[in-house]
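# Report on the structure
Here is what each chain is made of, one letter per residue.
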Amino acid sequence: PFLHGFFAKFTLLRSNSNIEELKQAIVDGDAAAALELTRQALAEQVAPEVLINQGLIAAMAVVGNLFEEGEIFIPEMLVAARAMQAALDILKPLLAETDMKPVGTVILGTVKGDMHDIGKNLVKMMLQGAGFEVVDLGTDVAPERFIQAIQEYGAKLVGLSALLTTTMNSMRLTIEAIEQSGLRDKVKIMVGGAPVTEAFAAQIRADGYAPDASRAASLAKMLMGV
Ligand code: B1M
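Summarising burial for strand β1 (residues 105–110): five of the six residues are buried, a large majority. With four bridges connecting them, β1 and strand β2 (residues 133–136) associate as parallel partners. Looking at the pairing, Thr105 lines up with Glu133 of β2. Between the parallel pair β1 and β2, the chain is carried across by helix α5 (residues 118–129), and the sense of this crossover is right-handed. With five bridges connecting them, β1 and strand β3 (residues 157–161) associate as parallel partners. Bridge assignment links Val106 to a residue of β3, and that residue is Leu157.

Written out as C-alpha cells, the structure is:
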C-alpha cells in the first residue's frame, strides 16, 4: 500500500506538470507540442475531461485575458486557438465514452449574404475552448437554416456574425424570423462582427453583443448562466 500510494502521488505530480506544459503549449500556439503532450498524458491515463478542463479550457481563458489586456493580438490568438483545436480533435472522440457534458450547444453562423468567416471561426474556437458544443452553419446562412438548427439540436444559444454594413440587416431579419417562428423565448441570441455595435444589438432585440472572440465566450457563459 505504501508503494502504491507513492506511485499514485508520483503519477499525479507528473500529470499535473504535463497539464501545465500542455496549457503553456496552447498559450504559445505550439500545436505540435500540444498534440504530443496530449498523447503523452492520455498514455499516462490522464482522463480526457481533466485535459480539457485544466489544459485546453484553462489555456484559452489565459489567452482571452492576454488578448483583452492587449498583450497579444488576433494572430497569436488564432495560433493558440488552432493548437487548442488540434488537441481537442484527439480528445473529442474519447469524450463520447465518458459522461462529460458540454456547457451548452451554440448554433453559430455568418448571416445571409455575408461570406466573411475568419472572426466567426475565432469565436467558434473560443466557445469550444470555453466548453461549448458548437454547431457551425458556416457563411451566408439563411434565417430558415438557423431556425431549423435550433429545432434540430434543441440549442439554447444562437450566435450571429456579420462583417458588412449591408448584411447587418440580415442579422435583424434572422432575429425577426426566429421571433416569428415562436422559438424566440427558447433561445438567447448573441451578435458580433466589425460593424455591429451594442446599440445595434439592442435595436434588433439581440440578448447580447461581444466586440471580440474572447468576450463572446464570456458573454455566452453569462447568457447560459455558467
Ligand atoms: Co471583406 N470587407 N469583402 N473580404 N474584408 C471588409 C469587412 C471591409 C471592411 C473591407 C473594407 O472595405 N475596408 C468591407 C466592408 C465595408 C462595409 O460593409 N462597410 C469589405 C467588403 C466591402 C467586402 C466585399 C463586398 C468586397 C467586394 O467583393 N467588393 C466582399 C463581400 C463578400 C461577401 O461577404 N458577400 C468581401 C470579401 C472578402 C474576402 C472573401 C476577400 C475576405 C474574407 C475571407 C474570409 O473571411 N474567409 C475579406 C476580408 C478578409 C476582409 C477584411 C480585410 C478582414 C476581415 C477579417 O477577417 N478580420 C475586412 C477589412 C477589415 O476588417 N480590416 C473586410 C479579422 C477578424 C478576426 O475580425 O471578423 O471583425 P472580425 O471578427 C472579430 C470581431 O468582430 C468579433 O470577434 C472576432 C475576433 O475577435 N466577432 C464576433 C465576429 N463575429 C462575432 C460574433 C459574435 C461575437 C463576436 O457573436 C456571435
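Orientation of helix α3 (residues 48–68) relative to helix α4 (residues 74–95), taken along the N-to-C sense of each, is 165°, at an axis distance of 10 Å. Taken together, the axis directions place α3 and α4 in an arrangement best described as roughly antiparallel. Between α3 and α4 lies a crossing of left-handed hand. Packed against α3, whose contacting residues are Pro48, Glu49, Leu51, Ile52, Leu56, Met60, Val63 and Phe67, the element α4 presents Ile74, Met77, Ala80, Ala81, Met84, Ala87, Leu88, Leu91, Leu94 and Leu95 at the interface. Considered class by class, the residues forming the contact of α3 with α4 number 17 nonpolar, no polar and one charged.

Glancing now at the site of the ligand. The environment of the ligand is made up of 27 residues, and the closest members are Met115, His116, Asp117, Ser161 and Thr165. Ile118 is positioned such that a nitrogen or oxygen atom in its backbone is 3.5 Å from an oxygen atom of the ligand. One of the backbone nitrogen or oxygen atoms of Gly193 is found 3.5 Å away from a nitrogen atom of the ligand. Of all the secondary-structure elements, those providing two or more residues to the shell around the ligand are α5, β3, β4 (188–192) and α9 (213–223). The element that contributes the greatest number of residues to the shell around the ligand is α5, accounting for four residues. Here the shell around the ligand is composed, by residue class, of 16 nonpolar, eight polar and three charged.

Secondary-structure assignment places Arg184 in the loop between α7 (168–180) and β4. With relative accessibility at 15%, the residue Arg184 sits in the buried group. Among the polar contacts made by the side chain of Arg184, one reaches the main-chain carbonyl oxygen of Val187 at a distance of 2.8 Å. One polar contact links Arg184 to Asp207, side chain to side chain, over a distance of 2.9 Å.

What follows concerns the coordination of the cobalt atom of the ligand. In this structure the cobalt atom of the ligand is ligated by exactly one protein donor, His116 (NE2), at 2.2 Å. Following the sequence through the fold, His116 ends up in the loop between β1 and α5.

Each value, and the rule that gives it
- Residues numbered from 1 in each chain as written.
- Predicted model: local features only at pLDDT ≥ 70, side-chain atom pairs only at ≥ 80, totals over all residues.
- Heavy atoms only, no water.
- Buried < 20%, exposed > 50% of the residue type's maximum accessible area, 1.4 Å probe, protein only.
- Helix = DSSP H or I, 4+ residues; strand = E, 2+ residues; numbered from the N terminus.
- Pairing = 2+ DSSP bridges.
- Right-handed = clockwise from strand over helix to strand, strands pointing away.
- Axes fitted to C-alpha atoms, helices over the stretch in contact; angles between N-to-C directions.
- Parallel < 35°, antiparallel > 145°, perpendicular 65-115°, else oblique.
- Left-handed = near helix turned anticlockwise from the far one by under 90°.
- Contact = heavy atoms within 4.5 Å.
- Nonpolar A, V, L, I, M, F, W, Y, C, P; charged D, E, K, R; others polar.
- Near = heavy atom within 4 Å.
- Polar contact = N/O pair within 3.5 Å; in protein donor to acceptor, adjacent residues only side chain to side chain.
- Donors = N, O, S within 2.8 Å, 3.2 Å for Na, K, Ca; no water.

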